[in-house]
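Chain by chain, the residues run as shown.
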Amino acid sequence: MTKTRSISIGKFERRAVNEDAAVARRNMIAVSDGAGGGGLFADRWSRYLVKHLPKAAIESAGQLDAWIGSIWERFYNRAEEAAKRQGGMFLDKFYDEGSFATLAAVWRGDDGECRWMAYGDTVVFCYDYATKRLRHSFTALKDFNRAPYLINCKDELDAAGFKGGSFRLGGEELVFVASDALAHYILMMYELSRREEFGAEIEAAAAAGSKNSNFVKNAMGLPPFRFEKEVAGKLRKAAHDERYCRKWLRGLYEKGLLARDDYSLGVMYE
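From a predicted model like this one, the values you see are computed outputs, not experimental measurements.

Turning our eyes to something else, we now look at the overall build of the protein. Along its length, the protein carries eight helices and twelve strands. Compactness check: the protein gives a C-alpha radius of gyration of 18 Å against a globular reference of 18 Å for 270 residues, within 12% of the reference. Projected onto its principal axes, the C-alpha positions of the protein cover 55 × 45 × 35 Å. Per-residue burial over the protein gives 53% buried out of 270 residues. Of all intrachain contacts in the protein linking residues separated by at least 6 positions in sequence, the fraction that spans at least 24 positions is 73%. On the protein, roughly 12,700 Å² of surface is accessible, and the fraction owed to carbon and sulfur atoms is 48%. Mean positive and mean negative side-chain charge positions of the protein (41 and 38 charges, respectively) differ by 7 Å.

Listed below in structure tokens is the structure:
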């Protein structure tokens, strides 16, 4: 029987708004990362997106666009009313910019195949315990430095931002979705656990001159570790235990391995 769990942890500061949202349903997990750097109501938009995800997988940019087209208006009208209550400049900003968020989701079919979609830098992963391999929906570690594609509540989607695919499960996999800061840590640690294979990608990320480069450089100084124990196992536990999740993530942040952000995770396994 498929088990699913989700958790979303806000920034460590008191009273900080968590702009992420995560959901776990029967045979489905999803994470949306509300982008507060532009627009308004990022937290509401991310929650709205995961709440209204369809039961069947979204398998193309056209399907994603059609689904957004079927749900956006109700959100927009409510957000517009909230913006009007805040006053003129607030309302103008909403009209000009809207609300932004990423989205990634996985649906497990009755055939045992997991179909996934991702839009932005929220990432879908599949770790195979038998082969010790990690598959994912992202490109390369250094690409976390790029501005992500974002879903806007009022503007047309850019089809170039859509990614989709599937994982065939054999019973020994952990499928999970993570928002960008956590996803960066996961991919970084996997590649560092296999330096002989990913050396060039690690070096490119370390040399990028970004905030993320510092996390990579710090992680490069870690002693040898096993990804399955230090990352995959802890992710699985964190999804079930909020107190453990907060303590683990705060420890990573304090060690300079994880960016300050909201952290969201959805997991799926047999």
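Here the narrative resumes, following the displayed structure.
All right, on to the nonpolar core then. Counting residues in hydrophobic clusters, the biggest one holds 48 residues, and the most contacted among them are Phe125, Phe176, Tyr185, Ile186, Met188, Phe227 and Leu249. When residues of this core are assigned to their parent elements, the largest contribution, ten residues, is made by helix H4 (residues 180–192). The residues contacting Phe227, other than those within four sequence positions of it, are Tyr127, Leu134, Ile186, Met189, Tyr190, Ser193 and Ala232. Ala30, Ala83, Ala101 and Ile151 belong to the second largest nonpolar core, which has 34 residues in total.

With that settled, consider the pairing of strand S3 (residues 28–33). For S3, the tally of buried residues reaches six of six residues, placing the bulk of the element in the interior. By the alternation rule, side chains of S3 split into Met28, Ala30 and Ser32 and Ile29, Val31 and Asp33, which are all buried. One ladder, built from six bridges, connects strand S2 (residues 20–25) with S3; its direction is antiparallel. Considered in S3, the bridge of Asp20 is made with Asp33. Between S2 and S3, which pair antiparallel and follow one another directly, the connecting turn spans two residues, one of which, Asn27, has a positive phi of 65 degrees.

What follows deals with the environment of Ser32. With respect to the helices and strands, the residue Ser32 is situated in strand S3. Take Ser32: its relative accessible area is 0%, and that puts it in the buried class. Remark: the alpha-carbon pair of Ser32 and Val50, spanning 18 residues in sequence, is separated by 6.6 Å. Other than its neighbours up to four places away in sequence, Ser32 contacts Glu19, Asp20, Ala21, Ser46, Leu49, Val50, Ala101, Thr102 and Leu103.

A separate point is the layout of surface pockets. If you add up the space inside the largest pocket, you get close to 500 Å³. In terms of lining residues, the largest pocket is bounded by 28 residues, among which Asp33, Asp121, Asp180, Lys211 and Asp261 are the most central. Secondary-structure elements contributing two or more residues to the lining of the largest pocket are H4 and helix H6 (211–220). A class-by-class count of the residues in the lining of the largest pocket yields ten nonpolar, seven polar and eleven charged.

Mapped onto the elements of the fold, Gly171 is located in the loop between strand S10 (162–168) and strand S11 (173–178). Overall, Gly171 belongs to the partly exposed group, its relative accessible area being 41%. Gly171 sits 32 residues away from Thr139 along the chain, and the two C-alpha atoms are 26 Å apart.

The next point concerns the sheet that holds strand S12 (residues 263–269). Spatially, five strands are ordered S1-S12-S11-S7-S8 in an open sheet, and the strand pairing comes out antiparallel. If you trace the sheet from one side to the other, it starts and ends with strand S1 (3–9) and strand S8 (133–136), each paired once. Ignoring which end each strand starts from, the neighbouring axes of this sheet average 15 degrees apart. In the sheet, S11 pairs with S12 via five bridges, with the strands oriented antiparallel. Looking across to S12, one finds that Leu174 is bridged to Tyr269. Relative to S1, helix H8 (residues 242–254) is tilted by about 55 degrees, and along the sheet it contacts S1 and S12.

Parameters and conventions
- Residues numbered from 1 in each chain as written.
- Predicted model: local features only at pLDDT ≥ 70, side-chain atom pairs only at ≥ 80, totals over all residues.
- Heavy atoms only, no water.
- Helix = DSSP H or I, 4+ residues; strand = E, 2+ residues; numbered from the N terminus.
- Rg over C-alpha atoms; globule rule 2.2 N^0.38 Å.
- Buried < 20%, exposed > 50% of the residue type's maximum accessible area, 1.4 Å probe, protein only.
- Contact = heavy atoms within 4.5 Å.
- Areas by Shrake-Rupley, 256 points an atom, 1.4 Å probe, with all protein chains shown as cover.
- Lys, Arg positive; Asp, Glu negative; His and termini not counted.
- Charge placed at Lys NZ, Arg CZ, Asp CG, Glu CD.
- Core = buried A, V, L, I, M, F, W, Y, C linked by side-chain atoms within 4.5 Å.
- Pairing = 2+ DSSP bridges.
- 1 Å grid on protein atoms, 1.4 Å probe; cavity = no way out; pocket = protein on both sides within 12 Å on 5 of 7 lines; lining within 4 Å.
- Points joined across faces, edges and corners; volume = space filled by probe spheres on them.
- Nonpolar A, V, L, I, M, F, W, Y, C, P; charged D, E, K, R; others polar.
- Axes fitted to C-alpha atoms, helices over the stretch in contact; angles between N-to-C directions.

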